Amino acid sequence: RGAARNLGANKASGEYLNFFDSDDLLYPNHLAQANALLNKQPKAQWFHLGYEIKNEYLEKKGRGPLLFKNANRKLISGNHLSCNGVFVDSEVFSQFHFNEDRHLAGMEDWELWLRLAAEYPLFFDNTISSCIIQHQSRSVMENDAEKLIQRVNLLMRVVENNTTLTAFMGKDKVKFQSSCLSYIALHLALMKNQKHAAKNYLRETLRLDPTFILKRRFYAILKRLQ
């Protein structure tokens, strides 16, 4: 996915790039909202528009998190952005690009958002202009425990080896690590015969970050472990 997006970006001629997944939907106001934001923030290096979540029958299931101040740091504790909602200045993107390692596929977007967040303020408009379609074939719905763990561990290594990112995260790096470990726990809990492994990752998350018990994901994991 990273290679495909990079190829498209290299061929694009616009001032801004917007990444649109084939199984999701853009609404008629999408570009108008982007234009309205740029009229207010003409020098925005990157920004994000609101999105909602629907199932394969187009029934609404929720919306993406609202962004307020400290939007950059919010990304440390999880990928709250949709590819559909992200716009990046093409000149800025030419210096970054998506990571093309196939083993990172499914998390290459979060890795890029973190690198951008470490360098540029994230502007945003919470107005919904697109939707993510939740279905079992989505790349994030991993059913292979080994590949899931490999992907998340690779993300953690990539971040750890990036001195700019570690400096950006500072003491909040524990939030990133607990988010990664709890992500594994949640998806293992959804798989057959992986409940024990899920419990181990949940314990490791709590050992690393006891405040995780206050997060919604903690209770989502518990629910799926019953």
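Preceding this paragraph is the structure being described.
What counts as what
- Residues numbered from 1 in each chain as written.
- Predicted model: local features only at pLDDT ≥ 70, side-chain atom pairs only at ≥ 80, totals over all residues.
- Heavy atoms only, no water.
- Helix = DSSP H or I, 4+ residues; strand = E, 2+ residues; numbered from the N terminus.
- Rg over C-alpha atoms; globule rule 2.2 N^0.38 Å.
- Contact = heavy atoms within 4.5 Å.
- Areas by Shrake-Rupley, 256 points an atom, 1.4 Å probe, with all protein chains shown as cover.
- Phe/Tyr/Trp six-rings, centres within 6.5 Å; stacked < 30°, edge-to-face > 60°.
- Buried < 20%, exposed > 50% of the residue type's maximum accessible area, 1.4 Å probe, protein only.
- Lys NZ or Arg CZ within 6 Å of the ring centre and 35° of its normal.
- Pairing = 2+ DSSP bridges.
- Salt bridge = Lys/Arg side-chain N within 4 Å of Asp/Glu carboxyl O.
- Axes fitted to C-alpha atoms, helices over the stretch in contact; angles between N-to-C directions.
- Parallel < 35°, antiparallel > 145°, perpendicular 65-115°, else oblique.
- Left-handed = near helix turned anticlockwise from the far one by under 90°.
- Nonpolar A, V, L, I, M, F, W, Y, C, P; charged D, E, K, R; others polar.

A. Representation of the overall build of the chain. For the chain, the count of helices and strands is 10 helices and 6 strands. Its C-alpha atoms give the chain a radius of gyration of 18 Å, within 12% of the compact-globule value 17 Å for 226 residues. In terms of principal-axis extent, the alpha carbons of the chain reach across some 50 × 45 × 30 Å. Once local pairs closer than 6 in sequence are excluded, the contacts in the chain between residues at least 24 apart make up 75%. Of the roughly 12200 Å² that the chain leaves accessible, carbon and sulfur atoms contribute 51%.

B. Local environment of the environment of Glu-91. Residue placement: Glu-91 occurs in helix H4 (residues 90-93). Spatially, the C-alpha atom of Glu-91 lies 40 Å from that of Glu-204, the residues being 113 residues apart in sequence.

C. Structural context of the packing of aromatic side chains. In total, this model carries 12 aromatic pairs according to the counting rule given. Note on Phe-19 and Phe-93: the rings are 5.5 Å apart at their centroids and 45° apart in plane angle, and the pair reads as tilted. Of the two residues, Phe-19 sits in the loop between strand E1 (16-18) and strand E2 (25-26) while Phe-93 sits in helix H4, which places them 74 residues apart along the sequence. Summarising the burial analysis for this pair, Phe-19 and Phe-93 share the class buried. Sitting over the ring of Phe-98, Arg-5 keeps its end group 5.1 Å from the ring centre. Against the face of Phe-168 rests Arg-73, its NZ or CZ located 5.0 Å from the ring centre.

D. Representation of the pairing of strand E4 (residues 60-63) in the model. Two elements, strand E3 (residues 46-55) and E4, share 3 bridges in a ladder whose sense is antiparallel. Paired with Ile-53 across the bridge in E4 is Gly-62. In this antiparallel pair of consecutive strands, E3 and E4, the connection spans 4 residues, and Leu-58 shows a positive phi of 65°.

E. The pairing of E3, seen in detail. Of all 10 residues in E3, 10 are buried, a share of seventy percent or more. By the bridge criterion, 3 bridges tie E3 to strand E5 (residues 86-89) in an arrangement that is antiparallel. Following the sheet pairing, His-48 is matched in E5 by Val-86. Pairing of E3 with strand E6 (residues 123-134) involves 9 bridges; the strand directions are parallel. Pairing of Ile-53 across the sheet is with Ile-132, part of E6.

F. Region of the structure containing the pattern of salt bridges. One pass over the structure, following the stated rule, counts 10 salt bridges. Two residues, Arg-207 and Glu-204, come together in a salt bridge whose shortest N-O distance is 2.6 Å. With Arg-207 and Glu-204 both in helix H9 (residues 195-208) and 3 residues apart, this pair spans about one turn of that helix.

G. Quick look at helix H5 (residues 108-117). Counting buried residues in H5 gives 10 out of 10 residues, a clear majority hidden from the surface. Within the span of H5, buried status applies to Glu-108, Asp-109, Trp-110, Glu-111, Leu-112, Trp-113, Leu-114, Arg-115, Leu-116 and Ala-117.

H. Quick look at the packing of helix H8 (residues 173-189) against H9. Running from N to C, H8 and H9 cross one another at 165°; their axes reach a closest spacing of 8 Å. Relative to H9, the element H8 is oriented roughly antiparallel. Helix-helix and strand crossings are classified by hand; for H8 and H9 the assignment is left-handed. In contact with Val-174, Gln-177, Ser-178, Leu-181, Ser-182, Ile-184, Ala-185, Leu-188 and Ala-189 of H8, H9 contributes Lys-195, Ala-197, Ala-198, Tyr-201, Leu-202, Glu-204, Thr-205 and Leu-208. Across the contact of H8 with H9, the residue classes break down as 11 nonpolar, 4 polar and 2 charged.

I. Examining unusual backbone geometry more closely. The backbone of His-97 sits at a positive phi, close to 70°, despite the residue not being glycine. Inspection of the secondary structure puts His-97 in the loop between H4 and H5. The exposure class assigned to His-97 is partly exposed, which follows from its relative accessible area of 22%. Phi is positive for Asn-193, close to 65°, though the residue is something other than glycine. Relative to the helices and strands, Asn-193 is located in the loop between H8 and H9. Asn-193 sits in the exposed class, given a relative accessible area of 77%.

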